[in-house]
Amino acid sequence: MLFNSYEFLLVFLPVSLGCYYAISRIVNQRTAIAWLALCSMFFYGWWNPAYVWLMAGSILANYSFGLILSGKHRSRLVLGLSVTLNLLLLGYYKYTDFFIANINELAGLDWQLHNIILPLGISFFTFTQIAYLVDVYRGEVREYRIADYFLFVTYFPHLIAGPIIHHKEMMPQFSNKAVEQITARNITAGLVLFTIGLAKKILIADRVMVYVSPVFSAADSGVALTFFEAWGGVLAYTLQLYFDFSGYVDMALGISLLFGIRLPLNFNSPYKSTSIIDFWRRWHMTLSRFLRDYLYIGLGGNRKGPFRRYLNLWLTMLLGGLWHGAGWTFIIWGAMHGAYLCINHGWRALCKGRPSRLPESVRTLLYGTLTFMAVTVAWVFFRADTVGGALQILKGMAGCNGVTLPIKYASQWGELSHWLVQQGLVFDDNLFKGGKQIGQIVWPLLIVWLLPNSHTFLRNYEVTVTSFDETSRWVFRPNIVTLSIVSIVLIYCFSHLTQLSEFLYFRF
C-alpha cells in the first residue's frame, strides 16, 4: 500500500486515524496503541500477507531476547546469538542469490538460484531491533509492554523506508497522555508536511524519472553514451532520488504527526553540504547514526590510532553500501563513500590550524560544488544494474564518446548548426532531450539550493523529535493564502494518483 494511493488516503488512513482517537477517548490509550499496532501489521501485510508471520516471529523472538538481556541472565553470548540470528534472517532473504551467483561465477558451478522475494522493510526493522537489543544489553532500556514493542517495530509511517527509529525517541511517546489528544497544530503541520512530500514525489521525482531509465538501461546494454546523454541521465537520477526519498520522509513525518507522534529527522538538505562528512550528517541521518553507534564504534572507532580509524570508516561505509543492496555496484558505492570520508578527514587533519585565505562565500561555493559532484559520480554505481553499465556512463560523462545534440536543433539553429558541425559537434537522435530536459533539471536544483527544507519551513511546529537550529525567512504561517496554496497543491496531486510509482527506497 503506497502513501500516494487512493486506498491508503481514502480508506486506510482515515479508518486507522479515526478509530485510534476514538479508542483513546472511549476506552484507553493502551487499547489504542494495540489498535495502531494491528493497523501497522495490516499495512505491512497488504504487500505480501505471507511475510506478516515472518515479521511477527521476528518481533516475538527479539522481544524475548530483550527480556533475557534485561534480566539476571544478561550475557554477551545471548547478545551475540540474538544479533547473529537477525543478521542471518536478513542475509538469507537479501543476499542468498547474490552469493550463489558469485560462487557460480568464480568456481564455474551451476547452483540453482532461489529467486527469493525480498520482504519489504526487512533491512529497516532488522536494524531497528538490533539497536534495541544492543541498548538493552548496555542497560539503556527499561522493560516495555509487548504492545509497545510491537508498535515500535511495526509503526507503519516508518516501516517500509525508514527512518530507523530508536527506542528512547519513540517508546516514551506511546505512553504520553498528550498523544491521545487530537490537536489543530498537529493536524495542520501533518497535512502540510504530507502535501509537501506528495508534491515532491509527483511533481518532481516522477517527472524527472523519465530521463533516467533509458540512459541507465542503454549503458547496462553496452551502448556508448555521449556527454550530454550521460550527464542528463545522471543529474536526472540525482534529483529523482533526492525528491523521492525526501518526499517519502516528509510524508512519513506528516502522517505520524496526525497521530500526535514525532519521528526523528532523517533528511536535512544533503545537497547543500560542503563536505562528504557534512553530507552523511544530512542524508539518511538515522542510518548514519546506526552505522556510527553500532558498527563504527563497535569496530573500535578512533580509539586505536589513525590507521584503524580510517580503516574502520572505510569498512563501515562498505558495509553500509552492502546494506543498501546485494550487488557489486552497491559495494563499490559504499567503498567510494568510505574513501571520500577518509580523504575528507585526512584533509581536515592536514589543514588544522591553517586558516584559509579564500573568502567564506568562495569556500562555500567551491566545497559545495566539489561535494555535489563527488556524490553525483557515486550515484552512478548506486543506480546502475551492472558495473559495466556504470563504467559506460562514467566514460560518457568524461566525454570519451564525444558530444551530440538532438537532431531537431540542426534545422532550428541554421548557420550556427553548420558551424558547430564543422567544429566536430554531431546532431543525431539520442537520449538527451535538450532544453526540456535541462529545464526539468535546473528548476529542481534551484529548489534544492535556494529554498529551505520542510522541517525548517515548519520549524514553529516542532515536527520531529530531533532538535535543529536552522533559520530562514521562509516560514509557514497558517492563513488563508498559505492554506489555499496547500489545498490547491494537494488537490492537484490527488488528481494524479492514478500514475502510481513506488518509492525508490522500498527496494532496500
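In what follows, the structure referred to is the one given above.
These numbers come from a predicted model, not from an experiment.

Reading the values: rules and limits
Residues numbered from 1 in each chain as written. Predicted model: local features only at pLDDT ≥ 70, side-chain atom pairs only at ≥ 80, totals over all residues. Heavy atoms only, no water. Helix = DSSP H or I, 4+ residues; strand = E, 2+ residues; numbered from the N terminus. Buried < 20%, exposed > 50% of the residue type's maximum accessible area, 1.4 Å probe, protein only. Contact = heavy atoms within 4.5 Å. Areas by Shrake-Rupley, 256 points an atom, 1.4 Å probe, with all protein chains shown as cover. Core = buried A, V, L, I, M, F, W, Y, C linked by side-chain atoms within 4.5 Å. 1 Å grid on protein atoms, 1.4 Å probe; cavity = no way out; pocket = protein on both sides within 12 Å on 5 of 7 lines; lining within 4 Å. Points joined across faces, edges and corners; volume = space filled by probe spheres on them. Nonpolar A, V, L, I, M, F, W, Y, C, P; charged D, E, K, R; others polar. Patch = residues over 30% accessible without salt bridge, like charges linked within 9 Å, V, L, I, M, F, W, Y side chains within 5 Å. Salt bridge = Lys/Arg side-chain N within 4 Å of Asp/Glu carboxyl O. Phe/Tyr/Trp six-rings, centres within 6.5 Å; stacked < 30°, edge-to-face > 60°. Lys NZ or Arg CZ within 6 Å of the ring centre and 35° of its normal. Lys, Arg positive; Asp, Glu negative; His and termini not counted. Polar contact = N/O pair within 3.5 Å; in protein donor to acceptor, adjacent residues only side chain to side chain. Disulfide = S-S within 2.5 Å. Expected span 1.5 Å × (residues − 1). Bend = angle between axes of the 7 residues up to and from the residue. Axes fitted to C-alpha atoms, helices over the stretch in contact; angles between N-to-C directions. Parallel < 35°, antiparallel > 145°, perpendicular 65-115°, else oblique.

1. Structural notes on the overall build of the protein
Move 1: Looking only at helices and strands, the protein features 22 helices and two strands.
Move 2: C-alpha extents for the protein along the principal axes are approximately 80 × 65 × 55 Å.
Move 3: Taken across its 508 residues, the protein has 54% of its residues classed as buried.
Move 4: At a minimum sequence separation of 6, the contacts of the protein that also span at least 24 residues come to 73%.
Move 5: For the protein, the accessible surface area stands at approximately 23600 Å², while carbon and sulfur atoms represent 65% of it.

2. Concerning the nonpolar core
Move 1: Membership of the largest hydrophobic core comes to 148 residues, with the highest contact counts inside it found for Phe3, Phe8, Phe156, Trp283 and Trp379.
Move 2: Top contributing element to this core by residue count: helix α11 (residues 227–258), with 19 residues.
Move 3: Discounting chain neighbours no more than four positions away, the residues touching Phe3 are Phe8, Leu9, Phe43, Phe156, Pro157, Phe194, Tyr248, Met251, Ala252, Ile255 and Phe503.
Move 4: Of all hydrophobic cores here, the second largest spans six residues; its members include Leu405, Tyr409, Leu425 and Phe427.

3. Remarks on the layout of surface pockets
Move 1: As a volume, the largest pocket reaches approximately 900 Å³.
Move 2: As for the largest pocket, its lining consists of 35 residues, of which Ile196, Ile447, Leu451, Pro452 and Phe457 are closest to the centre.
Move 3: Contributions of two or more residues to the lining of the largest pocket are made by α9 (184–208), α11, α20 (435–450), α21 (454–457) and α22 (480–495).
Move 4: With eight residues, α9 is the single largest residue contributor to the lining of the largest pocket.
Move 5: Partitioned by chemical class, the residues of the lining of the largest pocket number 23 nonpolar, eight polar and four charged.

4. Examining a nonpolar patch on the surface
Move 1: Residues Ile438, Val442, Leu446, Trp449, Leu450, Leu451 and Trp474 make up a contiguous nonpolar surface patch of about 660 Å² in total accessible area.
Move 2: Note on placement: Trp449 falls in helix α20.
Move 3: Among the residues examined, Trp449 registers a relative accessible area of 39% and is labelled partly exposed.

5. Things to note about the packing of aromatic side chains
Move 1: Under the definition given, this model contains 56 aromatic pairs.
Move 2: Between Phe12 and Phe42, the ring centres sit 6.3 Å apart and the planes meet at 10°, which makes this aromatic pair stacked. A residue pair is termed long-range when its members are at least 10 positions apart, and Phe12 in helix α1 (residues 6–26) and Phe42 in helix α2 (residues 29–45) qualify at 30 residues.
Move 3: Note on Phe12: relative accessible area 8%, which makes it buried.
Move 4: Look at Phe42 and you get partly exposed, because its relative accessible area is 46%.
Move 5: Their ring planes at 70° and their centres at 5.0 Å tell us that Tyr242 and Phe267 sit as a pair that is edge-to-face. Here Tyr242 is found in helix α11, whereas its partner Phe267 is found in the loop between α11 and α12 (276–280), with 25 residues between them in sequence. Side by side, Tyr242 and Phe267 carry an identical accessibility label, which is buried.
Move 6: The lysine or arginine in question, Lys94, covers the ring of Trp323, its NZ or CZ lying 5.1 Å from the ring centre.
Move 7: For the cation-ring pair, Arg185 lies above Tyr461, with the distance from its terminal atom to the ring centre recorded as 4.8 Å.

6. Some details on the pattern of salt bridges
Charged atoms that come close allow side chains of opposite charge to pair.
Move 1: Counted by the stated rule, this structure contains eight salt bridges.
Move 2: Of the charged contacts, one joins Glu169 and Arg289 as a salt bridge, the two residues approaching to 2.6 Å between their closest N and O atoms. Here the residue Glu169 occupies a position in helix α8 (residues 167–174), and Arg289 occupies one in helix α13 (residues 285–296), the gap between them amounting to 120 residues. When sorted by exposure, Glu169 lands in the same class as Arg289, which is buried.
Move 3: A salt bridge links Asp278 to Arg282; its shortest N-O distance comes to 3.2 Å. For the pair Asp278 and Arg282, a shared accessibility class is recorded, and that class is buried.
Move 4: Taken together, the shared-partner salt bridges in this structure form one network comprising Lys201, Asp206 and Asp244.

7. Structural notes on the side chain of Arg383
Move 1: Within the secondary structure, Arg383 is located in helix α16 (residues 360–383).
Move 2: Despite its burial, Arg383 remains without a salt bridge, the nearest opposite charge being carried by Asp385 at 4.4 Å.
Move 3: A polar atom in the side chain of Arg383 sits 3.4 Å from the side chain of Ser213.
Move 4: Ignoring anything within four residues of it in the chain, the contact list for Arg383 reads Val212, Ser213, Phe216 and Tyr237.

8. Brief notes about the state of the cysteines
Each disulfide consists of a covalent bond between the sulfur atoms of two cysteine residues.
Move 1: With the rule as written, the count across this model stands at zero disulfides.
Move 2: Residue Cys351 stays outside any disulfide, its sulfur separated by 16 Å from that of Cys342, the closest cysteine.

9. Considerations on the environment of Gly301
Move 1: Structurally, the position occupied by Gly301 is in the loop between α13 and α14 (306–324).
Move 2: Taking the C-alpha atoms as reference points, Gly301 and Ala224, 77 residues apart in sequence, are found 43 Å from one another.
Move 3: Leave out the neighbours within four places in its chain, and Gly301 touches Tyr296, Arg308, Arg309 and Asn312.

10. As for α1
Move 1: Between its first and last C-alpha, α1 extends 29 Å over 21 residues, near the 30 Å set by a 1.5 Å rise per residue.
Move 2: Of all the bends found along α1, the most pronounced is centred on Phe12 and spans about 35°, while Pro14, a proline, follows it within four residues.
Move 3: Every buried residue belonging to α1 is among Phe8, Leu9, Phe12, Leu13, Ser16, Leu17, Tyr20, Tyr21, Ile23 and Ser24, and all of these are buried.

11. Regarding the packing of helix α3 (residues 50–69) against helix α5 (residues 122–137)
Two numbers describe a pair of packed helices, the interaxial angle and the distance between the axes.
Move 1: Between α3 and α5, the shortest axis-to-axis distance is 9 Å and the interhelical angle comes to 10°. On the basis of the axis angle, α3 is roughly parallel to α5. Between α3 and α5, the residues in contact are Met55, Ser58, Ile59, Asn62, Phe65, Gly66 and Leu69 and Phe125, Gln129, Tyr132, Leu133, Val136 and Tyr137, respectively.

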